[in-house]
Amino acid sequence: MRPHTLLTTRRARRRVVAALSAALLCSAGVTALPAAARPAGAADGPADSPSAAAASAGTVASAAPRLPDGLARTPPMGFNNWNSTHCGADFNEAMIKGIADIFVTKGLKAAGYEYVNLDDCWAKKDRDANGKLVPDTTRFPNGIKAVADYVHSKGLKFGIYTSAGTTTCAQAMPGALGHEYSDAQQFADWGVDYLKYDNCNNQGVDAKKRYITMRDALKATGRPIVYSICEWGENKPWEWAADVGHLWRTTGDISDVWDSMVSIFKANAPLAPYAGPGHWNDPDMLEVGNGGMTDTEYRSHFSLWSMMAAPLLIGADLRKASQATFDILDNREVVALDQDPLGKQAQVLKSEGGRWVLSKPLANGDRAVALFNETDRPQHITTTAQEAGLPQASGYRLRDLWKDENTHTAGEIAGTVPAHGTLLYRVAADRHWAQYPPALDTAADGVAPIEVGKEVRTATLTRNLGRTPALDVKVDFKGPQGWRVEPVTSTSIQVLPPGKELATAWKISPLAGTRPGPYELTLTTDYRSTRGQRVTLTLPFAVTAVQAPPAGTSYASDLTWLSATNGYGPVEKDTSVGGQRPGDGTPITIGGVPYAKGLGTHAPSEITYYTGGKCSAFSAQVGVDDETGDQGTVTFEVWADGRKVAESGKLAGTDPAKAISAAVTGAGTVRLVVQDAGDGFFYDHGDWADAKFTC
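Calculation notes
Residues numbered from 1 in each chain as written. Predicted model: local features only at pLDDT ≥ 70, side-chain atom pairs only at ≥ 80, totals over all residues. Heavy atoms only, no water. Disulfide = S-S within 2.5 Å. Helix = DSSP H or I, 4+ residues; strand = E, 2+ residues; numbered from the N terminus. Buried < 20%, exposed > 50% of the residue type's maximum accessible area, 1.4 Å probe, protein only. Polar contact = N/O pair within 3.5 Å; in protein donor to acceptor, adjacent residues only side chain to side chain. Pairing = 2+ DSSP bridges. Contact = heavy atoms within 4.5 Å. Phe/Tyr/Trp six-rings, centres within 6.5 Å; stacked < 30°, edge-to-face > 60°. Lys NZ or Arg CZ within 6 Å of the ring centre and 35° of its normal.

1. Let's talk about the state of the cysteines
Link 1 in the chain: Across all of its chains, the model carries 3 disulfides by this definition.
Link 2 in the chain: With a sulfur-sulfur separation of 1.8 Å, Cys87 is cross-linked through a disulfide to Cys121. Across the S-S bond of Cys87 and Cys121 the torsion is about 50 degrees, and the bridge reads as right-handed. With Cys87 in the loop between helix H3 (82-85) and helix H4 (93-105) and Cys121 in the loop between strand E2 (115-117) and helix H6 (143-153), the pair connects residues that are 34 residues apart, well separated along the chain.
Link 3 in the chain: What makes Cys87 partly exposed here is its relative accessible area of 26%.
Link 4 in the chain: On the accessibility criterion, Cys121 (4% relative accessible area) is buried.
Link 5 in the chain: With a sulfur-sulfur separation of 2.0 Å, Cys169 is cross-linked through a disulfide to Cys200. The S-S bond linking Cys169 to Cys200 shows a torsion near 100 degrees; that makes this disulfide right-handed. With a gap of 31 residues between them, Cys169 in the loop between strand E3 (157-163) and helix H7 (180-190) and Cys200 in the loop between strand E4 (194-198) and helix H8 (207-221) connect regions that are remote in the sequence.
Link 6 in the chain: Among the residues examined, Cys169 registers a relative accessible area of 1% and is labelled buried.

2. What about the side chain of Glu287?
Link 1 in the chain: Mapped onto the fold, Glu287 is located in the loop between strand E7 (280-282) and helix H10 (295-307).
Link 2 in the chain: Here the side chain of Glu287 touches Asp256 through a polar contact of 3.4 Å, landing on its backbone nitrogen.

3. A word on the pairing of strand E9 (residues 347-350)
Remember that side chains alternate between the two faces of the sheet whenever the strand is regular.
Link 1 in the chain: Pairing between E9 and strand E10 (residues 355-361): 3 bridges, direction antiparallel. Within E10, the position partnered with Val348 by the bridge is Leu358.
Link 2 in the chain: The loop that links E9 with its antiparallel partner E10 comprises 4 residues; one of these, Gly353, has a positive phi angle of about 60 degrees.

4. Topic: H6
Link 1 in the chain: Among all positions in H6, only Gly143, Ile144, Val147, Ala148 and Val151 are buried.
Link 2 in the chain: Against H4, E2, E3 and H7 lie the buried residues of H6.
Link 3 in the chain: Phi turns positive, to about 75 degrees, at Gly155, one or two residues after H6.

5. Points about the packing of aromatic side chains
Link 1 in the chain: Enumeration over the complete set of coordinates arrives at 19 aromatic pairs.
Link 2 in the chain: With a centroid separation of 6.2 Å and 45 degrees between ring planes, the pair formed by Tyr197 and Tyr227 is classed as tilted. Here the residue Tyr197 occupies a position in strand E4, and Tyr227 occupies one in strand E5 (residues 226-229), the gap between them amounting to 30 residues. Taken as a pair, Tyr197 and Tyr227 share a single burial class, namely buried.
Link 3 in the chain: For the ring pair Phe636 and Trp688, a centre distance of 5.1 Å and an interplane angle of 90 degrees mean the geometry is edge-to-face. In this pair, Phe636 is assigned in strand E34 (residues 633-640) and Trp688 in strand E39 (residues 685-694), connecting sequence segments 52 residues apart. Of the two residues, Phe636 and Trp688, neither departs from the other in class, the shared state being buried.
Link 4 in the chain: One aromatic cluster in this structure is built from Trp561, Tyr609, Phe618, Phe636, Trp688 and Phe693.
Link 5 in the chain: Seen from the ring of Tyr150, Lys97 lies directly overhead, with NZ or CZ sitting 5.2 Å from the centre.

Shown next as structure tokens:
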């Protein structure tokens, strides 16, 4: 949730209002303007239009037929600049033309990306004397039509943005409220093919009325224009907008951080029954390539959006993108799931403990199956072909869409999914299943934190899920250079029959002098099929090298934690949490008192420290950071080896810091928890000021 300290962007303004209104996400509406106070042109639609008549009657216009048939029969694909530029100077004519060029030269057009869309800040702040929108001549010196013509010359389509309010969300240009018919015609004259219609500064006018009026205005132009309703899910558009627009936002804005992407996925996933050809749930644009997540996380992002039949609008500046970004965006087989003509959004089959299974029916009878790991540790996730909706068969082809590999299974679909990763399969009841190698499921016991200078033991398991034997099976477990990783039992088997397994025990010890922190082990399984096909499986495992705090008193911010999760942005050391980027906090201050040391968090947050039975006490001064402007309510808890040993009670932004202390004698781990106090997560910047361990 966007804290109030970052109110310079569109999403921040939305969410602040949400906090104040306690709406589902946010409410940009205020009391409607009286007629005399409405901006000039507020009734520029035809006086006898259905929307005008409904407005005069004080009711919502009745649903007219949808916009022209044939549009958005699959989810729209393309580009929008907002996520990478906002209203920055990089957003200009050169960028838009450059993106169009890249769509062609890098093969994205061939992959299905076709819309090149402008977002906020493309126009001047005021209309001209005739009430028309005026392009920003600094950004677009040749005007909007010239840019649209250039995009069209590449065989692509052009999109534009405005808001169903008096101004747009950045307040840099006029909105379309009261100017719908004039603006729609201007867009059509420029050659616009796609309109994103936002929700800011809407003057409290009924959402259905506002969005239906623009639908009718677009329809009146006679030009086929895809209509994207961006009212953030406030009024449950999935229940009414299928006859109004082609897609509708279901959530607030996405941010380029893991927690934001996952929270939006969770909100959008249950809405599968409302999506279909010509009317799509929209969980917002892609962040792939913007730098706030890892490539593993971006593959999950792209996989989940494709499974949800979401619009795929690239939000990265492709002129600066890495090859890894293009490899994700141009995975044709994953794109094909999103663009499948059946138009079904995936159903969630399981979600226990952050282990998700999704199944998406496809037009040819196949099923797409995603095994998604929300957690920060590898997870073993399983389902079956029949649970996924496939008919009973003697065997099934498993097509791994990220590895470009085929195997077969007798019915079980299983794998160890890396932290924040997704295994994505196309599964078919294939009578030729025997021509593919058997699928092997490899897993390892959770590797516990390893104290430097000591040894831990773990086990790996390799199981044959197919109907034919796996031959010459070999497993190898490797750690960082200098670590000792040795097998205790056999690492190979000549024949691994269907349904059987190879179990191997291992002992692991870090190199002497290893610094505490995260490291990676790699499990490799190599085998061949009865047809001679060789298969190599590589599975990374995260492990943490730990060391108990030194004797005496240590500040928590000077120690290395085992793990940390945060409701917004990263946990910060010796500053407030600030915003979503590392290092953007301010000096910790509670009740006007500054603190040089501590931890800045945002609820819900958990920070776990390894204490190894060597510490006796923890203490801190806790409270809501002053950067919230006296808003926010939180509670602080201290847990030792899974037992709550201290709590603060409810603390508000108006409260001074409160001392909290806990006895942690003998505990192997200590967990510091910040929770929302019951009124939502907005503004919940919780500081562990002056946090110390006594050991």
